[in-house]
Amino acid sequence: MSDVPSSASSASSSQRRSWGATLKVYAEPASLRMLALGFSAGLPLLLVLGTLSFWLREAGINRTTIGYLSWVALAYAFKWMWSPLVDRMPIPLLTRALGRRRSWLLLSQALIMGGLVGMAFSDPLVALDPIVWCALAVAFGSATQDIALDAFRIESADTDHQAALAATYQTGYRLAMIWAGAGALWLAARAQGDVTGYVHGAWQAAYLVMAASMLVGVVTVLCSKEPNPKPLPPSKNLREWLQGALVAPFADFIQRYRWQAALVLALIAVYRISDVVMGIMANPFYVDMGFSKDEVAAVTKVFGVVMTLLGAFIGGVMAMRWGVMRVLMLGAVLSAASNLLFAWLSTRGHDLTGLTLVVSADNLAGGIASAAFIAYLSSLTNVQYSATQYALFSSMMLLAPKWLAGFSGQFVDAYGYVPFFVGTACLGVPVLILVALASKVRLKPGYSEI
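What counts, and at which threshold
Residues numbered from 1 in each chain as written. Predicted model: local features only at pLDDT ≥ 70, side-chain atom pairs only at ≥ 80, totals over all residues. Heavy atoms only, no water. Helix = DSSP H or I, 4+ residues; strand = E, 2+ residues; numbered from the N terminus. Expected span 1.5 Å × (residues − 1). Buried < 20%, exposed > 50% of the residue type's maximum accessible area, 1.4 Å probe, protein only. Phe/Tyr/Trp six-rings, centres within 6.5 Å; stacked < 30°, edge-to-face > 60°. Lys NZ or Arg CZ within 6 Å of the ring centre and 35° of its normal. Axes fitted to C-alpha atoms, helices over the stretch in contact; angles between N-to-C directions. Parallel < 35°, antiparallel > 145°, perpendicular 65-115°, else oblique. Contact = heavy atoms within 4.5 Å. Nonpolar A, V, L, I, M, F, W, Y, C, P; charged D, E, K, R; others polar. pLDDT = per-residue confidence, 0-100. Salt bridge = Lys/Arg side-chain N within 4 Å of Asp/Glu carboxyl O.

Let us look at helix α3 (residues 29-47). Between its first and last C-alpha atoms α3 spans 29 Å; for 19 residues at 1.5 Å apiece the expected length is 27 Å, and the two agree. Of all 19 residues making up α3, 15 are buried, and the element is well covered by its neighbours.

Another point: the packing of aromatic side chains. Taken as a whole and judged by the stated rule, the model has 10 aromatic pairs. Their ring planes at 15° and their centres at 5.8 Å tell us that Y417 and F421 sit as a pair that is stacked. Of this pair, Y417 and F421 both sit in helix α23 (residues 417-426), four residues apart, which is roughly one turn of that helix. Each member of the pair, Y417 as well as F421, is classed as buried. In this structure, R153 is placed above the aromatic ring of Y169, and the distance from its NZ or CZ to the ring centre is 5.9 Å.

Moving on, we come to the packing of helix α9 (residues 100-120) against helix α12 (residues 200-213). Contact geometry for α9 and α12: axes closest at 8 Å, N-to-C directions at 170°. Between α9 and α12, the angle falls in the class roughly antiparallel. Where α9 abuts α12, its residues M113, L116, V117, M119 and A120 lie against H200, Q204, Y207, L208, M210 and A211. Residues of the contact of α9 with α12, tallied by class, amount to nine nonpolar, two polar and no charged.

Looking now at the confidence of the model for the protein. Scored by pLDDT, the protein comes out at a mean of 80, with 82% of its residues at no less than 70. Per-element averaging of pLDDT across the protein places helix α1 (residues 7-16) at the bottom with 43 and α9 at the top with 95. Segment residues 1-15: pLDDT under 50, and 21 contacts once partners within four positions in sequence are set aside and those in other chains are kept.

What sets the pattern is the α-helix's 3.6 residues per turn: residues three or four places apart point alike. Counting buried residues in helix α16 (residues 273-280) gives six out of eight residues, a clear majority hidden from the surface. For α16, the set of buried residues is I273, S274, D275, V276, V277 and M278.

So, about the pattern of salt bridges. Applying the stated criterion to the full structure yields five salt bridges. With a shortest N-O distance of 2.4 Å, D275 and R272 are connected by a salt bridge. Judged by relative accessible area, D275 falls into the buried class, the value being 15%.

This paragraph deals with the environment of L392. Among the secondary structure elements, L392 is positioned in helix α21 (residues 386-405). For the pair formed by L392 and F78, sequence separation is 314 residues and the distance between their alpha carbons is 8.4 Å. For L392, the contacting residues outside a window of four places in its chain are W80 and F250.

Of note, L93 is a non-glycine position whose phi angle comes to about 70°, a positive value. The topology assignment puts L93 in the loop between α7 (83-88) and α8 (94-98).

Structural data, given as structure tokens:
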């Protein structure tokens, strides 16, 4: 990996770079690789959450059970627990042939594909346990892929290019969510034909196609070059290995930022809180407003994701031109403000034009914020512990918002949608303060300022 430029040279090169040179970054091999690997990362999420819940509900599984099954996604929030293994432990034979990052990527992708095939051949009407275990395998494999992929991305380019890699990663990720969401429903409907009611074979066909779609990531890994992370010193015994794998990555971050580490971690923990808390009630809101499944699928699953892609692209370009912290602040403002549009929409009833405008603004804001936030997390990471530290950061950003989001339904029942959406917008105010304070944090030598 090339040396990260100093803060002065990074800022200077960012200012001198023309728009043409900025846009050309997206055509570089590293950016194209992240597009394909982002697709591989985004595919499994909906297949164990939204799409799976649609399948189970159509099969007659009660909503309480479906709610409990959503806990399989907690694997993403606790991936930091096994991230040190992904960061340091070699896989017999595979690591020698492919390298540390690519071997873990390939192993996790194989686990995802196997879990999706297992889900395809499991009928929830016959037995629910097999589909639960297979979904858990997919979630675990997906979280492990995220750990290895984040390290792969961080080690593949210097800090000046991280925003572009984050943007292309988000593009691939969102395209996969369209395919795993609207695409899976479309495949199941085509396979079912004119037959009414629940048909397991239709979902089996859809999930087998989804499993085959993971080959995009597999081929990309096999055709990619292993990045050059810093060499790991050999461990003399288990205690020394645990010190290097578990303690050192977290101690490194605290030592570099000292008391400012609390400020940075607080920002990470709450930056996406407005979006996450509001998002839990989004689908119930659409139903209560009288929007049909076709309308919701077309506007939110396809058109909305396209707007997120556009936002990620714009966010990546702006971050390279103006710096990550400025775009991080802009993303926080837009994310909170877009929730106020949902409060306005809740007074309109069934207004498809209004839904399209609101979803467009919300997803555009989310894309800008996500691209800047990923670049920010990447800039905080020491490449020597890239998998472990980034997994900790990305896990932290979900824990508090997900916990608070669990009370969102109770709030809506008590006070209604307008106060709820206004309240979620107000949750963004502390985020603005934290971004302003974090912008004064100086990165340590060897890491470029943002």
